[in-house]
Amino acid sequence: MIRTSVLVVGGGPVGLSLSIALSQQGVPSIVVNDRKTTTTHPKLDVVNCRSMEIFRQLGLSERIRDAGNPRSANQYSAFAASAAGPMYAVMSDRHLIYRPVADAEKRIRDAVDGALPLESMQRIAQMNLEPVLLDAARSAPSIDTRFGWRLYGFEQDAEGVTAMIQDVESGRSLHVHADYLVGCDGPNSLVRNFLNIDYDGTRDLVGELFIIHFKSDAVAALYPDRQPYWHTWLCRPGFVGLLVSPDASRNDFILHRPFAPRPGESLESVIDAALGVKVAYEIVQSGPWRPQFLVAKAFGRGRVFLAGDSTHQYMPTGGLGMNTGLAEAHNLAWKLAATLKRWGGETLLESYEAERLPVARRNRDHVKKCAAASFESTFRGSEVRLDETPEGKASRESLARDFEAKTSRLYESLGVEIGYRYVGSPIVVADSAPEPDYDEIRYVPTTWSGARLPSAFRADGTAVFDQLDPSGFTLLASADRAGDCGAMTTAAADVGAPLSVLAIDEPHLIALYQKPFVLVRPDHHVAWRGDALPTDCRPVVDVVRGASRP
Amino acid sequence: MIRAVEKLKLRALLAVTAALLRRCARRSLRLRRMLSEDSFVMQIRADDGVGGFFTVRDCRIRFRPGVHPNPDFAQIWRDSGAAVRALTNKDETELLRAIEDGRCRLQGSFLIALWFNEAMKLARG
């Protein structure tokens, strides 16, 4: 029998990130993964802004950028008849996220209104992301990574979870006793099935799409500066698709088609049609897949939780699959740590589902809108005229305008990525102000309780996020009031909850944070804010640590 | 003669679809919830003149043959035969094939197409 604090089932990006986040909090874990290696399929192609903020907190953002699209390379999305052209539209500068990371970082540093994330997105394939995470997990002494081991079954009681894991090759079995188990084991989650939790939603609304992964050194030459665009949406009469380059410095390309090759079509003929020219390439793999819009009805039972694709399956339009899962892991990690360290109360772990299930549903709705927008744009291509007449030119311009208006929502929805708020959370002290307007596309910075703290920089250039405690609460206090924080620090110390005070004296930050006191959780979300500290701060501390209801 | 039969089949298919959806609305909590959350007009028609539109409003779904002047979403088929073959195909992807090769044109919000796909899946059980 092996003992650990948390058994993580699934060694994909979400499971590995969860174990790394737990390690940062000083919590040991075992990660079991039935595959012996990380994925060889490109899979996801973006780590979004919020996920990069999380990876920054975990100390991984630079390593991930090193493994992905070069910092100087574009993150453009284009609309074209084929990769060889003509290009109807290229979204390159209308929003931060299309800019090369180096340029986006400058824009972020120059912003003082909190309207931008701390990190820009990163174009990267999952097959290049996972090795970075696995390497980080293997170097952490408190993480026991067991690739080539699978979960066989588990039982839970009031004391913990006893699981049987099995070496996939030898069949050797081991018992693991953990305080908690988290199933990050994907869309066909064994853990979710053991818990008898269903997805909410109807399957297969779009049917069976088709994907081809190929390698080519020649495709880059079709793009300016030999830098393939991130996404090239393809549409012309008789052909629609999406060509993805997850990394401009590599020769991997993924061609998405809305259906499998027709009778008489070959994979090669489909690729040739997408590229618009005959060049050399090597097909790595291909196959059908079924996009879904599903969210689990519950995020766990008792001492067993779910995160990642085991809680939701989305069509990739909008890039919210792994990114939603990563935010789930980030939300869960500090709560597990606080509970294990005994300063977290009984409702702390309950709040995981209360906070994240509504976000998962909202993200599903957003992804559906993105899917609809991309279908509407690309299928209009059957009407486009490619001739060099005024009518042909007007037709292409009309298509380009429609594409930018509709498909931009897939990329520019900072409201969805960083504007989510934990409304009605049992561990957030209800704000006395009405909830500010929420917009899916435009992020509205606010410290309204439950929102993510807007990101900004100190006068010396340090990011405020870098000064927040990843393992405890941080009380932001305007400098002239920082001496008044004793009641809060004492109340936290009385129950063993870590709480540090960060005095803020920069006028732009005092204006941005809206209130002189803002209590921030380890996951960057505002737990409470006020014009003055209560005389007795214990009730506030008890709510935010899950020891009493708001 | 064949075209007349295909037109007849499309008229019948649309009428049966409406009946199936109404029956499902009585039985399926999920469809009732969908009906309560949305409001739109969806047109299905063919260039040969056959067509009808579904109106979702006030938690109900109604069907009328003919052409709506301003539907929120329209599937416009090249002819009744193409519509019948695609709409009775169990492979959801057939609609996408039909759009790509020009047998069908779409106008309006594709979200309504996803709504309709889900409703039809529920109706077929």
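What you see is a predicted model, and the numbers here were worked out from it, not measured in a lab.

Basis of the calculations
- Residues numbered from 1 in each chain as written.
- Chains lettered and ligands numbered in written order.
- Predicted model: local features only at pLDDT ≥ 70, side-chain atom pairs only at ≥ 80, totals over all residues.
- Helix = DSSP H or I, 4+ residues; strand = E, 2+ residues; numbered from the N terminus.
- Rg over C-alpha atoms; globule rule 2.2 N^0.38 Å.
- Buried ≥ 20, exposed ≤ 12 C-beta atoms within 10 Å, placed from the backbone.
- Contact = placed C-beta atoms within 7 Å.
- Pairing = 2+ DSSP bridges.
- Axes fitted to C-alpha atoms, helices over the stretch in contact; angles between N-to-C directions.
- Core = buried A, V, L, I, M, F, W, Y, C linked by C-beta atoms within 7 Å.
- Domains from an automatic or database assignment.
- Nonpolar A, V, L, I, M, F, W, Y, C, P; charged D, E, K, R; others polar.
- pLDDT = per-residue confidence, 0-100.
- Parallel < 35°, antiparallel > 145°, perpendicular 65-115°, else oblique.
- Left-handed = near helix turned anticlockwise from the far one by under 90°.

A.B. asks: Help me get a handle on the overall build of chain A, residues and values and all.
C.D. replies: On a plain count of helices and strands, chain A comes out with 15 helices and 24 strands. In terms of overall size, chain A behaves like a compact globule, its C-alpha atoms giving a radius of gyration of 24 Å where 550 residues would be expected to give roughly 24 Å. Across its three principal axes, chain A shows a C-alpha extent of roughly 75 × 60 × 40 Å. A buried classification covers 55% of the 550 residues belonging to chain A. Here the analysis covers contacts within chain A between residues at least 6 apart in sequence; of these, 72% occur between residues at least 24 apart.

A.B. asks: Explain the sheet that holds strand E17 (residues 293–296) of chain A to me, using residue names and the numbers behind them.
C.D. replies: The strands making up a sheet associate through backbone hydrogen bonding, with each pair oriented either parallel or antiparallel. Residues and elements named next belong to chain A. If you trace the three strands from one edge of the open sheet to the other, you get E11-E17-E20, paired in antiparallel fashion. Unpaired on one side and paired on the other, strand E11 (199–200) and strand E20 (312–314) mark the two borders of the sheet. Looking at chain direction, E11 and E17 are connected through two bridges and run antiparallel. Bridge assignment links Tyr199 to a residue of E17, and that residue is Ala296. Strand contacts of helix H9 (residues 350–379): E17 and E20, with the helix running at about 175° to E17, the strand carrying the most contacts.

A.B. asks: Residues and numbers for helix H3 (residues 80–87) of chain B, please.
C.D. replies: For H3(B), the full list of buried residues reads B:Ser80, B:Ala82, B:Ala83, B:Val84 and B:Leu87. The elements touched by buried residues of H3(B) are helix H1 (2–27), strand E1 (40–46), strand E4 (73–77) and helix H4 (94–100) of chain B.

A.B. asks: Give a description of unusual backbone geometry that names residues and reports values.
C.D. replies: Phi is mostly negative for residues that are not glycine, and the peptide bonds are mostly trans. Of the consecutive residues A:Gly85 and A:Pro86, the connecting peptide bond is found in the cis state with omega at -5°. For A:Pro86, the location among the structural elements is in the loop between strand E4 (77–80) and strand E5 (87–91). Even without glycine at this site, A:Asp204 takes up a positive phi of about 55°. Relative to the helices and strands, A:Asp204 resides in the loop between E11 and strand E12 (209–215). A positive phi angle, near 55°, is found at B:Asp58, a position not held by glycine. Here B:Asp58 falls in the exposed class, since 10 other C-beta atoms lie within 10 Å of it.

A.B. asks: Got a sec to walk through the nonpolar core? Specific residues and values, please.
C.D. replies: Residue and element names in this part refer to chain A. Ranked by size, the top nonpolar core spans 208 residues in total, and within it Leu7, Leu18, Leu181, Val182, Leu519, Ala527 and Val544 carry the most contacts. Looking at this core, the element that brings in the most residues is helix H8 (residues 321–340), giving 10 residues. Dropping the residues within four chain positions of it, Val544 is found in contact with Ile427, Val429, Phe473, Leu519, Ala527 and Trp528.

A.B. asks: Kindly report on the environment of B:Cys59, identifying the contributing residues and their values.
C.D. replies: All names here are of chain B. Relative to the assigned elements, Cys59 resides in the loop between strand E2 (51–57) and strand E3 (60–65). Along the chain, Cys59 and Ala12 lie 47 residues apart, while their C-alpha atoms are 24 Å from each other. Each residue touching Cys59, except ones within four places of it in the same chain, is listed here: Leu35 and Ser36.

A.B. asks: A description of the environment of B:Val50 should follow, citing residues and the corresponding values.
C.D. replies: With respect to the secondary-structure elements, B:Val50 resides in the loop between E1 and E2. Taking the C-alpha atoms as reference points, B:Val50 and B:Leu21, 29 residues apart in sequence, are found 20 Å from one another.

A.B. asks: Describe the domain arrangement of chain A, and please don't skip the residues or the numbers.
C.D. replies: Residue and element names in this part refer to chain A. Partitioning chain A into domains gives domain 1 (2–45 + 125–200 + 294–352), domain 2 (68–119 + 208–289 + 384–420) and domain 3 (422–544). Placing the centre of domain 1 and that of domain 2 at their C-alpha centroids yields a distance of 32 Å. Listed as interface residues are seven residues of domain 1 and, on the opposing side, 10 residues of domain 2. Tallied by class, residues from the side of domain 1 that touches domain 2 come to two nonpolar, four polar and one charged.

A.B. asks: Provide a residue-level description of the confidence of the model for chain B, including the pertinent values.
C.D. replies: A residue-level look at chain B finds 100% of positions with pLDDT of 70 or above and a mean pLDDT of 93. Mean pLDDT across the elements of chain B ranges from a minimum in H4(B), with 91, to a maximum in E1(B), with 97.

A.B. asks: Outline the interface of chain A and chain B, supporting the account with residue identities and numerical values.
C.D. replies: Listed per partner, the contact involves 19 residues of chain A and 18 residues of chain B. Listed by contribution, the elements that provide at least two residues to the side of chain A that touches chain B are strand E14 (239–244) and H9 of chain A. Of the residues belonging to the side of chain A that touches chain B, the class tally is 10 nonpolar, four polar and five charged.

A.B. asks: Outline the packing of H1(B) against H3(B), supporting the account with residue identities and numerical values.
C.D. replies: All names here are of chain B. Between H1 and H3, whose axes approach to 8 Å, the crossing angle comes to 45°. For the element pair H1 / H3, the angle class is oblique. Judged by the twist between their axes, the crossing of H1 over H3 is left-handed. Contact with H1, carried on its side by Glu6, Lys7, Lys9, Leu10 and Leu13, involves Ser80, Gly81, Ala83, Val84 and Leu87 of H3 and no other residues of that element. For the contact of H1 with H3, the class distribution of residues is five nonpolar, two polar and three charged.

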